[in-house]
Protein chains: 2
Amino acid sequence: MTDKKKISILDSTLRDGSQGEGISYSVQDKINIVLALDELGVTFIEAGNPGSNPKDMEFFIEAKKLQLKNSKIVAFGSTRRRDLSCAEDVNLQSLLSADTEYVCIFGKTWDFQVTDILHATLDENIEMIRDTVAYLKSKDKKVIFDAEHFFTGYKVNPEYALKSLEAAVEGGAVCLSLCETKGGAMPSECKNAVEAVASRFGSKVEVGIHTHNDCGLAVANSLIAVEAGASHVQGVLLGFGERTGNANLSTIIADLQLKLGFECVPQENMKLLTPICKRIAEITNIALEPGMPFVGSSAFAHKAGMHIDAVIKNPFAYEHIEPETVGNERVFLMSEVAGKSMIVEKVQKFDKSLTKNSPVVAEIVKRVKDLEHEGYQFEGADASFEILVRKTMGKYQPFFNLHYYKTSGEFPRFSDDQSAFAQVKLDVEGTSVITAGEGDGPVNAMDTALRKALVQFYPAVAKIHLTDYKVRVLDGKEATASAVRVLIESSDGENSWSTMGVASDVIEASYIALVDSFEYKLIKDLERKYSRII
Amino acid sequence: MTDKKKISILDSTLRDGSQGEGISYSVQDKINIVLALDELGVTFIEAGNPGSNPKDMEFFIEAKKLQLKNSKIVAFGSTRRRDLSCAEDVNLQSLLSADTEYVCIFGKTWDFQVTDILHATLDENIEMIRDTVAYLKSKDKKVIFDAEHFFTGYKVNPEYALKSLEAAVEGGAVCLSLCETKGGAMPSECKNAVEAVASRFGSKVEVGIHTHNDCGLAVANSLIAVEAGASHVQGVLLGFGERTGNANLSTIIADLQLKLGFECVPQENMKLLTPICKRIAEITNIALEPGMPFVGSSAFAHKAGMHIDAVIKNPFAYEHIEPETVGNERVFLMSEVAGKSMIVEKVQKFDKSLTKNSPVVAEIVKRVKDLEHEGYQFEGADASFEILVRKTMGKYQPFFNLHYYKTSGEFPRFSDDQSAFAQVKLDVEGTSVITAGEGDGPVNAMDTALRKALVQFYPAVAKIHLTDYKVRVLDGKEATASAVRVLIESSDGENSWSTMGVASDVIEASYIALVDSFEYKLIKDLERKYSRII
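Here the structure is a predicted model, which means the values were calculated and not measured.

K.L.:
Can you tell me about the overall build of chain A, naming the residues and giving the values?
P.N.:
Each helix and strand in chain A was counted, giving 17 helices and 18 strands. In chain A, which comprises 534 residues, the proportion classed as buried is 61%. Contacts in chain A between residues at least 24 apart in sequence constitute 66% of all its contacts with a sequence separation of at least 6. Counting every atom, chain A has about 20,500 Å² of accessible surface; 50% of that belongs to carbon and sulfur. On chain A, the mean spot of the 59 positive side-chain charges and the mean spot of the 75 negative ones are 4 Å from each other.

Set out below in structure tokens:
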């Protein structure tokens, strides 16, 4: 038991979130997301509209088989159609057949939407709300009423907006969820409207909030609503959704639970917040935004040298919470403004006995500074940094040596998807290997030739996929002859890593980054095999 | 004149924003960002710390030559060191030599930071603040005092936090900018602290707010501070910065100006908000987040079928503002029907008689859509867009035609600064020309060969310098064989222009962008010569 005020969290990743650009879930994806959200411990998982498409219905059948620890699955639908009874309304019947304890029903509360979009009279809409909620209650459902456009409605016709809520309460709804559908409300508007609803209906039903981020205020408006009397918060764990997205629940849960003293999920689960967000990003096939509050990879990243010294002296000096509280970690970014202490922290992962005064640390600092002066920027290339540290510490042996590479490219291209050749000569484990490859551009051709040579000796090279490739010219003044920095992200399906190369020739810079990527994978495989730092 | 309350906006893209992961600007990038921010019309541009690195000092020398319409450039530094007088403090002397009307000085206001990080006594810190501000004032500077960690300081020791502000006011600061450095303050804390400061110092100096997004509240806390009496807002136009980023000024400006009735930039400039954000994203070489409020490409994107019908019936039904107000456009994701008005606006520069219904406009819209689908993004490449419009309108004749180019590159390089050859064959004014060149990488070699061929016919080509060259891979999934977008900035010493090429081969994409650049210069020279649109 806890004496903290409990907030019920409704996650709508699978319903409102799936309206986001480029987001689409299979039934198995949905099941995996339900399991992740249940592990985190949200109260409700709004999982789709069984009346709107057969995939959602299939999901509800599968979902019945799950044994959830914390969460209840909610089916979503709308009030009955104007010209049908509830029993005749196919969508409502689908909703019932989803067989969930809770259902969420949206209805109109803004007079303009009733008359101009729904083409119903204001009284008809009130009847539709009361009637639908009462019908569902008679079928033993607990009904959450989503008051669509409530904040716009309350602004232009507060009397009607409240009357529509009254109808839901009379019908027997257990919760009134006030939807900020257009995302345009300012904090003070939000506060006043929620206070009005809480004071009128708060003794009979739970009051909820559902916001969108069109003015960058979805999180703030949710917190303000809770302080104004709401105890049910709807959103999407990673904040995606139509337009600018839904309220980001990972931020809201952390703010409410760690800053404002409410309980949204079991306290011991707070440390799952970052891993669960990462898992849901993977299932959704999107990159988790590095700057996302609490859970992003940069959320506790420090760059400026002065700050880093201070953070190491005392994390409290520059961090508002301990990153471990939400399962995230502190990161020190490599950069021209960074001091020595950050390098020590990274080097200690290899050898705990090293300190600021160890000669090898001074040597690494010097190498980093020299390379940064050439244009390297290790903050984005952890794998290249690790290889640099290994080289300086004598914990590195090359897997191969380059004699030469030659590339050629031409326009018009010699085939639809080929415009270049490359040839490489390597020494690999004492053997001289010459291979050639074609490609779409010289870098791609060289990548092909290099892999051909290496895979004979190191089959793991075949597993490496390049997932991103970025080029930046470092000094614009000499333009096409300036130094270029190439950043490559690689993956073997399980792990991903980033490497970097700098040279005045983009092919050479790409070669350097490619070699680091291949070697990093081979080193990690050996480490795993021998379970030691080689 | 306007009777709206004026808010002074300080953009710190070039100082606090450049602390963001992976962000690094050349001096030319910085100049381009200053010009963009000035065009938008922010009051202050905080442009760097002249004491911290020589690149920033070089920028301030260049920046003096700019004729800005709206904005003032601000140099940033800290209070004098504990053990030095202001005249002895090298950083303060660098700050003065930046020669700006306004300077921004940060100082400690949280007692713990004074004693445990700065290792000064509380009284010493008060002296350092008063002394530094007074010294700068005596040198005719207007001083903005950045009260670092003010909100944490005010929470743990309000008396000392206010005393440190008092010292800045006594020293003669014109503005007290309250910094929410750790990003951990909740809206109500923020409100109470700003109200306390405004009531105590608001009659003597301007009160400002500077927030970070660690709790997802940077925008909300800025708005709440303004409602509590602040009239100066600091942030970063696109919201990037260390950790979770700085307050996003594009959102704050839109909220304050369109929703809350304040004036942050000239009203007629609000429609520049989206194009300027896109331009700054291009200069920074980052993708503008599609879901960013107001300015993201998805900010007014509609997906759900029901919503689109309603939006077509009446945009007011689902949109909180008209997208055109901020220079953005409505997008329907399923039908891909986008707004024509932006294109009409640009085409009218050539021919004022053209309207939305002119057939040539429809043709240009179609070409733009096709090219955007391939990966072009004309916001960052005005010269390429102009050439596209000319081509579609029949106002274009090629200056030359390409038969072929061939490039080759090798490692080890054949000389210190040469690693590649290129050969081109062109038809120029009826003559067949074959030239070859060497270079540092194949793109540079091709640039050399192309210029050699063209300069015989068009001597002006010799005046074209490429000032920047950027490459971005558009679809990370196929890595080195993905489509790449090359963005080139060129200058002839008087004007500068940007062009773009997209292809799967980086050399081909560079070729396309180079040709646009050369042709644009030649067209502009002819225009000037004949004073007419050719």
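K.L.:
Can you tell me about the pairing of strand β7 (residues 175–180) of chain B, naming the residues and giving the values?
P.N.:
All names here are of chain B. With six of six residues buried, β7 is to be regarded as a mostly interior element. By the bridge criterion, four bridges tie strand β6 (residues 142–148) to β7 in an arrangement that is parallel. Note on β7: the bridge partner recorded for Ala147 is Leu178. Sheet topology note: the β7/strand β8 (residues 206–211) ladder contains six bridges and is parallel. Bridge pairing in β8 places Leu178 opposite Ile209. Between the parallel elements β7 and β8, the chain passes through helix α8 (residues 187–201) in a crossover that is right-handed.

K.L.:
Pulling in residues and values, what's your account of unusual backbone geometry?
P.N.:
All names here are of chain A. Residue Pro412 follows Phe411 across a cis peptide bond; omega there is 0°. Along the chain, the position of Pro412 falls in the loop between β13 (401–411) and β14 (420–428). Of note, Arg243 is a non-glycine position whose phi angle comes to about 60°, a positive value. For Arg243, the location among the structural elements is in the loop between β9 (232–235) and α10 (249–259).

K.L.:
How would you explain the side chain of Gln418(A) if you had to name every residue and give the values?
P.N.:
Residues and elements named next belong to chain A. Here Gln418 shows up in the loop between β13 and β14. A polar atom in the side chain of Gln418 sits 3.0 Å from the backbone nitrogen of Gly439. Those residues in contact with Gln418 that lie beyond four places of it in its chain are Arg413, Glu438, Gly439 and Asp440.

K.L.:
Before we move on, can you summarise the interface of chain A and chain B with the specific residues and values?
P.N.:
Between chain A and chain B, the residue contacts involve 100 residues of the former and 103 residues of the latter. In total, chain A and chain B occlude about 8,100 Å² of area from one another, counting both sides; carbon and sulfur atoms represent 54% of this. Inspection of the region where chain A meets chain B yields four salt bridges. Of the charged contacts in the structure, one is a salt bridge between Arg413(B) and Glu508(A), with a shortest N-O distance of 3.0 Å. Residue contributions to the side of chain A that touches chain B peak at ten residues, all from β13(A). Looking at the side of chain A that touches chain B residue by residue, the classes come out as 40 nonpolar, 33 polar and 27 charged. In this sheet, strand β16 (residues 465–473) of chain B lies alongside strand β16 (residues 465–473) of chain A in antiparallel orientation, the contact comprising three bridges. Residue Val471(A) lies in a different strand from β16(B), and its bridge partner there is Val471(B).

K.L.:
Go over helix α1 (residues 27–40) of chain A, please, and point to the residues and values.
P.N.:
Residues and elements named next belong to chain A. Spanning 14 residues, α1 covers 20 Å between terminal C-alpha atoms, matching the ideal 20 Å at 1.5 Å per step. Of all 14 residues in α1, ten are buried, a share of seventy percent or more. Where α1 is concerned, the buried positions are Val27, Asp29, Lys30, Ile31, Ile33, Val34, Ala36, Leu37, Asp38 and Leu40. Of the residues one or two after α1, Gly41 is the one with positive phi, at around 105°.

K.L.:
Kindly report on the side chain of Asn221(A), identifying the contributing residues and their values.
P.N.:
Residues and elements named next belong to chain A. In this structure, Asn221 sits in helix α9 (residues 218–227). Among the polar contacts made by the side chain of Asn221, one reaches the main-chain carbonyl oxygen of Ala185 at a distance of 3.1 Å. Apart from residues lying up to four places away in sequence, Asn221 is in contact with Glu180, Ala185, Met186, Pro187, Cys190, Ile209 and Thr211.

K.L.:
I'd love a proper account of the sheet that holds β7(B), names of residues and values included.
P.N.:
All names here are of chain B. Spatially, β2-β3-β4-β5-β6-β7-β8-β9 is the arrangement adopted by the eight strands of the closed barrel, whose pairing is parallel. Sheet twist, expressed as the average angle between the axes of neighbouring strands with direction ignored, equals 25°. Sheet topology places strand β2 (residues 8–11) next to strand β9 (residues 232–235); four bridges connect them, and they run parallel. Paired with Ser8 across the bridge in β9 is His232. In the packing of α8 onto the sheet, contacts are made with β7 and β8, and the angle to β8 comes to roughly 160°. Sheet strands touched by helix α10 (residues 249–259): β2 and β9. Its angle to β9, the strand with the most contacts, is close to 150°.

K.L.:
Outline the pairing of β16(B), supporting the account with residue identities and numerical values.
P.N.:
All names here are of chain B. In terms of burial, β16 is a largely internal element, seven of the nine residues being buried. Two strands pair when backbone bridges link them, and β16 and strand β17 (residues 484–491) are joined in this way by eight bridges, in the antiparallel orientation. Each bridged residue has a counterpart across the sheet, and for Asp468 the counterpart in β17 is Glu489.

K.L.:
So, the packing of helix α8 (residues 187–201) of chain A against α9(A): which residues are in play, and what are the values?
P.N.:
Residue and element names in this part refer to chain A. One can describe the packing of α8 onto α9 by two numbers: an axis separation of 9 Å at closest approach and a directional angle of 30°. By the angle class used here, α8 and α9 are roughly parallel. The handedness of the crossing between α8 and α9 comes out as right-handed. Only Asn221, Ile224 and Ala225 of α9 make contact with α8, whose side of the interface consists of Pro187, Cys190, Lys191 and Val194. Looking at the contact of α8 with α9 residue by residue, the class counts come to five nonpolar, one polar and one charged.

K.L.:
With reference to specific residues and values, describe the confidence of the model for chain A.
P.N.:
For chain A, the mean per-residue pLDDT works out to 89, and 93% of the residues sit at or above 70. Scored as a complex, the prediction yields pTM 0.75 and ipTM 0.74.

K.L.:
Tell me what's going on with the environment of Ser231(A), and back it up with residues and numbers.
P.N.:
With respect to the element layout, Ser231(A) can be found in the loop between α9 and β9. Other than its neighbours up to four places away in sequence, Ser231(A) contacts Lys5(A), Lys6(A), Ile7(A), Ser8(A), Glu206(A) and Val207(A).

K.L.:
How would you sum up the sheet that holds strand β3 (residues 44–46) of chain A? Please name residues and give values.
P.N.:
For sheets, the rule is that strands pair by backbone hydrogen bonds, running either parallel or antiparallel. All names here are of chain A. Strand order in the closed barrel made by the eight strands is β2-β3-β4-β5-β6-β7-β8-β9, with parallel pairing throughout. Ignoring which end each strand starts from, the neighbouring axes of this sheet average 25° apart. Pairing of β3 with strand β4 (residues 72–78), which is carried by three bridges, proceeds in the parallel orientation. Directly across from Phe44, in β4, lies its bridge partner Lys72. Contacts from helix α3 (residues 90–97) reach β4 and β5 (102–108), with the element oriented near 175° to β4.

K.L.:
With reference to specific residues and values, describe the packing of aromatic side chains.
P.N.:
Inspection of every chain in the model, using the stated rule, returns 24 aromatic pairs over all chains. Pairing Phe399(A) with Tyr458(A) gives two aromatic rings, centres 5.6 Å apart and planes at 85°, and the pair type is edge-to-face. With Phe399(A) in the loop between α15 (382–393) and β13 and Tyr458(A) in the loop between α16 (442–455) and β16, this residue pair connects regions lying 59 residues apart in the sequence. Of the two residues, Phe399(A) and Tyr458(A), neither departs from the other in class, the shared state being buried. Plain terms: the ring middles of Trp497(B) and Tyr520(B) are 5.8 Å apart, the flat faces sit at 40° to each other, and that makes the pair tilted. Placement of Trp497(B) in strand β18 (residues 496–503) and of Tyr520(B) in helix α17 (residues 506–530) is noted, with a sequence separation of 23 residues between them. Grouping residues by exposure puts Trp497(B) and Tyr520(B) together as buried. Counting every residue linked through ring pairs, the aromatic cluster contains Phe150(A), Phe151(A) and Tyr154(A).

Parameters at a glance
- Residues numbered from 1 in each chain as written.
- Chains lettered and ligands numbered in written order.
- Predicted model: local features only at pLDDT ≥ 70, side-chain atom pairs only at ≥ 80, totals over all residues.
- Heavy atoms only, no water.
- Helix = DSSP H or I, 4+ residues; strand = E, 2+ residues; numbered from the N terminus.
- Buried < 20%, exposed > 50% of the residue type's maximum accessible area, 1.4 Å probe, protein only.
- Contact = heavy atoms within 4.5 Å.
- Areas by Shrake-Rupley, 256 points an atom, 1.4 Å probe, with all protein chains shown as cover.
- Lys, Arg positive; Asp, Glu negative; His and termini not counted.
- Charge placed at Lys NZ, Arg CZ, Asp CG, Glu CD.
- Pairing = 2+ DSSP bridges.
- Right-handed = clockwise from strand over helix to strand, strands pointing away.
- Polar contact = N/O pair within 3.5 Å; in protein donor to acceptor, adjacent residues only side chain to side chain.
- Buried area = accessible area lost by both parts, 1.4 Å probe.
- Salt bridge = Lys/Arg side-chain N within 4 Å of Asp/Glu carboxyl O.
- Nonpolar A, V, L, I, M, F, W, Y, C, P; charged D, E, K, R; others polar.
- Expected span 1.5 Å × (residues − 1).
- Axes fitted to C-alpha atoms, helices over the stretch in contact; angles between N-to-C directions.
- Parallel < 35°, antiparallel > 145°, perpendicular 65-115°, else oblique.
- Left-handed = near helix turned anticlockwise from the far one by under 90°.
- pLDDT = per-residue confidence, 0-100.
- Phe/Tyr/Trp six-rings, centres within 6.5 Å; stacked < 30°, edge-to-face > 60°.

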